[in-house]
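# Structural overview for review
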Amino acid sequence: MLTQAPRGTKDVLPAESYRWQYLEASMRKAAALAGYREVRTPVFEHTELFLRGVGDTTDIVQKEMYTFKDKGDRSITLKPEGTAGAVRCFLEHNLYAEPLPCKMYYLNAPIFRYENPQSGRLREHHQFGLECFGAKEATADAELILLAYHLLQDLGIKNLSVEINSIGCPKCRPVYHTRLKEFLGERIGQMCDTCRERFDRNPLRVLDCKEKKCQEITRDAPSMLDLLCDECRKHFEELQDCLDQAGIPYRVNSRIVRGLDYYTKTVFELITETKDGKLTVCGGGRYDNLVAEIGDQDIPAVGFGMGLERVLMLLDSDGAGIPKDPWYEVFVTYMGANRPHAFKLVQMLRADGIRADLDHCGRSLKAQFKYANKTGTQLTAIIGDEEAENGMVKIKSMAGGEECTAPVQEACSVIRSMLR
RNA sequence: GUGGGUAUAGCGUAGUUGGUUAACGCGCCAGAUUGUGGCUCUGGAGAGCGUGGGUUCGAGUCCCACUACUCACCCCA
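Computed from a prediction, not measured in an experiment: that's the story for all the values here.

### A few points about the overall build of chain A
Within chain A one finds 16 helices and 16 strands. A compact globule built from 420 residues would reach a C-alpha radius of gyration of about 22 Å, whereas chain A, at 28 Å, exceeds it by more than 25%. Counting only C-alpha atoms, chain A reaches 95 × 55 × 50 Å along its principal axes. Across the 420 residues that make up chain A, the buried fraction comes to 48%. In chain A, the share of contacts with a sequence separation of at least 24, taken over all contacts with a separation of at least 6, comes to 67%.

### Description of the environment of phenylalanine 44
Take phenylalanine 44: it is sitting in strand E2 (residues 44–46). What phenylalanine 44 contacts, discounting residues up to four positions off in sequence, is Ile76, Thr77, Leu78 and Lys79.

### Description of the pairing of strand E7 (residues 160–166)
The element E7 is largely enclosed, with a buried count of six among its seven residues. Pairing analysis gives seven bridges linking E7 to strand E9 (residues 264–274), with the strands arranged antiparallel. Among the inter-strand pairings, valine 162 is bridged to a residue of E9, identified as leucine 270. Strand direction decides the pairing type here: E7 and strand E8 (residues 251–252), joined by two bridges, are parallel. Across the sheet, residue isoleucine 164 finds its bridge partner in E8, namely valine 252.

### A short note on the layout of surface pockets
In this structure, the second largest pocket spans a volume of roughly 340 Å³. Residue lining of the second largest pocket: 14 residues in total, with Lys136, Glu231, His235, Lys265 and Asp288 positioned closest to the centre. Of all the secondary structure elements, the ones that give two or more residues to the lining of the second largest pocket are helix H10 (230–246) and E9. Each residue belonging to the lining of the second largest pocket can be placed in one class, and the counts come to three nonpolar, three polar and eight charged.

### With respect to the side chain of asparagine 338
Its place among the elements puts asparagine 338 in the loop between strand E12 (330–334) and helix H13 (339–351). If sequence neighbours within four positions are ignored, asparagine 338 has contacts with Ile383, Gly384, Asp385 and Ala388.

### Description of the confidence of the model for chain A
On average, chain A scores 91 in pLDDT, and the residues at 70 or more come to 99%. Helix H7 (residues 193–201) is the least confidently modelled element of chain A, averaging 74 in pLDDT, while strand E1 (residues 37–38) averages 98, the highest of any element. Both scores are available for the predicted complex, with the pTM at 0.90 and the ipTM at 0.85.

### Some words on the packing of aromatic side chains
Under the counting rule described, the total for this entry stands at 14 aromatic pairs. Aromatic side chains phenylalanine 90 and tyrosine 96 sit 6.0 Å apart centroid to centroid with 65° between the ring planes, which places their arrangement in the edge-to-face category. For phenylalanine 90, a relative accessible area of 0% gives the class buried. Classification of tyrosine 96 by relative accessible area gives partly exposed; the value is 22%. Pairing phenylalanine 128 with phenylalanine 304 gives two aromatic rings, centres 6.2 Å apart and planes at 75°, and the pair type is edge-to-face. One end of the pair, phenylalanine 128, is in strand E6 (residues 124–133); the other, phenylalanine 304, is in strand E11 (residues 301–307), and 176 residues separate them in sequence. In terms of burial, phenylalanine 128 and phenylalanine 304 fall into one category: buried. One aromatic cluster is present, built from ring pairs that chain together Phe90, Tyr96, Phe133, Tyr262, Tyr263 and Tyr287. The side chain of arginine 123 reaches across the aromatic face of tyrosine 114, ending 3.9 Å from its centre.

### Brief notes about the sheet that holds E2
Spatial ordering of the open sheet is given by E2-E4-E3, a layout of three strands whose pairing is antiparallel. Both edges of this open sheet fall to E2 and strand E3 (67–69), since each of them pairs with a single strand only. Neighbour-to-neighbour, the strand axes of this sheet turn through a mean angle of 35°, independent of strand direction. Running over the sheet, helix H2 (residues 47–55) touches E2, E3 and strand E4 (75–78) and is turned about 80° from E2.

### Quick word on the pattern of salt bridges
By the definition in use, this model includes 26 salt bridges. Here lysine 234 ties to glutamate 238 by a salt bridge, and the two come within 3.5 Å at their closest N and O atoms. Here the residue lysine 234 and the residue glutamate 238 both occupy positions in helix H10, the gap between them amounting to four residues, near one helical turn. A salt bridge links arginine 416 to aspartate 352; its shortest N-O distance comes to 3.3 Å.

### Some words on the sheet that holds E1
Read across the open sheet, the eight strands follow the order E1-E5-E6-E11-E10-E9-E7-E8; overall the sheet is mixed. Each edge of the open sheet is held by one strand with a lone partner, namely E1 and E8. Here strand E5 (residues 102–112) pairs with E6 via nine bridges, running antiparallel. Among the inter-strand pairings, isoleucine 111 is bridged to a residue of E6, identified as histidine 125. Packed onto the sheet, helix H4 (residues 83–92) meets E5 and E6 and runs at close to 45° relative to E6.

### What about the state of the cysteines?
Inspection of every chain in the model, using the stated rule, returns zero disulfides. Between cysteine 232, a free cysteine, and cysteine 169, which holds the nearest cysteine sulfur, the sulfur-to-sulfur gap is 3.5 Å. In this structure cysteine 242 is a free cysteine whose sulfur lies 13 Å from that of cysteine 132, the closest cysteine sulfur available. For cysteine 242, a relative accessible area of 21% corresponds to the partly exposed category.

### Quick notes on helix H14 (residues 365–374)
Buried residues of H14: Gln368, Phe369 and Ala372, and no others. Here the buried residues of H14 occupy an arc of 100° about the axis, which is enough to place them on one side. Exposed positions of H14 whose direction lies more than 90 degrees from the buried face are Lys366, Asn373 and Lys374. At the exit of H14 stands glycine 376, carrying a positive phi of roughly 75°.

Parameters and conventions
Residues numbered from 1 in each chain as written. Chains lettered and ligands numbered in written order. Predicted model: local features only at pLDDT ≥ 70, side-chain atom pairs only at ≥ 80, totals over all residues. Heavy atoms only, no water. Helix = DSSP H or I, 4+ residues; strand = E, 2+ residues; numbered from the N terminus. Rg over C-alpha atoms; globule rule 2.2 N^0.38 Å. Buried < 20%, exposed > 50% of the residue type's maximum accessible area, 1.4 Å probe, protein only. Contact = heavy atoms within 4.5 Å. Pairing = 2+ DSSP bridges. 1 Å grid on protein atoms, 1.4 Å probe; cavity = no way out; pocket = protein on both sides within 12 Å on 5 of 7 lines; lining within 4 Å. Points joined across faces, edges and corners; volume = space filled by probe spheres on them. Nonpolar A, V, L, I, M, F, W, Y, C, P; charged D, E, K, R; others polar. pLDDT = per-residue confidence, 0-100. Phe/Tyr/Trp six-rings, centres within 6.5 Å; stacked < 30°, edge-to-face > 60°. Lys NZ or Arg CZ within 6 Å of the ring centre and 35° of its normal. Axes fitted to C-alpha atoms, helices over the stretch in contact; angles between N-to-C directions. Salt bridge = Lys/Arg side-chain N within 4 Å of Asp/Glu carboxyl O. Disulfide = S-S within 2.5 Å. Arc of directions from axis to C-beta.

This is the structure we're talking about:
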């Protein structure tokens, strides 16, 4: 217990953190190219924010939040998603008074949901998310989809597909809801148990059922896309025009529904085909009413969240190479009483920007070489009695084995010239 | 919340119908090579078998419970 991380959490070990750093660097770059700047918001917020923002009928709010009372008797919740916090931040600091759109991203933001962990699902996971406030036009939706698509593609993720849908706005969605309920009401008796539950809770979900029988029954169900109001239809058409122009493959899937209540108009997912089936790596959409719902500004917005663990998982299976950081460039070995000389040389090298270290465990020279070998060090410096007496240092290339000797004062420049 | 699988050294595994000091590979440490790694050889350290009960003369091996891990459903990144 004491030496076990809580269920559904994962350590990122020193040997693998370079993979995260690589991802983060790619994400920062992609975001910055499109004018998004980083925002950092707290890991926890007032529970009320999520009840209002995410929607108190959603599964996330009803059964998955980490909620607790703090010592001041406030109800606090660990972020179960990234958008609500960003909206709160946007409102609290009056960012709407600055030139719009206000584009922000968060990176490696921990997200907490009390779920049953399984492949690609944790209780704490991390997201890269972008939010764009104050842009109502479909180009904003499109640029986010393109950004996510190109980012994942550039990372080497294969079998990537983009699915988009429009779920309308408060004007047209209620009409659809009524129609759908009518349609389903007549047939729900023949459908599976979970669908019957969904019928009451969230009828849209019924369309998402994987049961063959249910899929057949709902094949002729009314589609939201046929009932969009003029404004929503036009917006959706513009989005498709943008994507067509950009030339990325996408599919309109009138059945994708997202689990958060705040979406309006555009919703989208980036899905990959893995050996165990489909996996959504990125999901997002437009939320034109959320800002007004939480604050007193009526500002449209659009955004997405991308699961870092899932992206990393896909990078594993697609075998995309992430360049490894060298551990040490130079390992300084020494014999016996020459440790102070070695220590001094290491400090010199580091001051010169070279990754260097020496043995801190009292190992034999031979063991020091073994260690250097195991850590993949390119060069070793050797300080034996002879070198120490003459103020010299021997430098050896681990790959080829060739050695040379140089005065300690010139060690940095000699080593630099030997490092590729 | 529901259902399936698993649980033996740091990692991966073997442990026959329950029977003496739990085995192997990798890794780790050391030596062969007392100023030098990667190959080879030799030796060594390290688990009492997830936890707690029970059955038995005797359990890693059988039974029960719990916990954790894992997969799937639900839902989601």
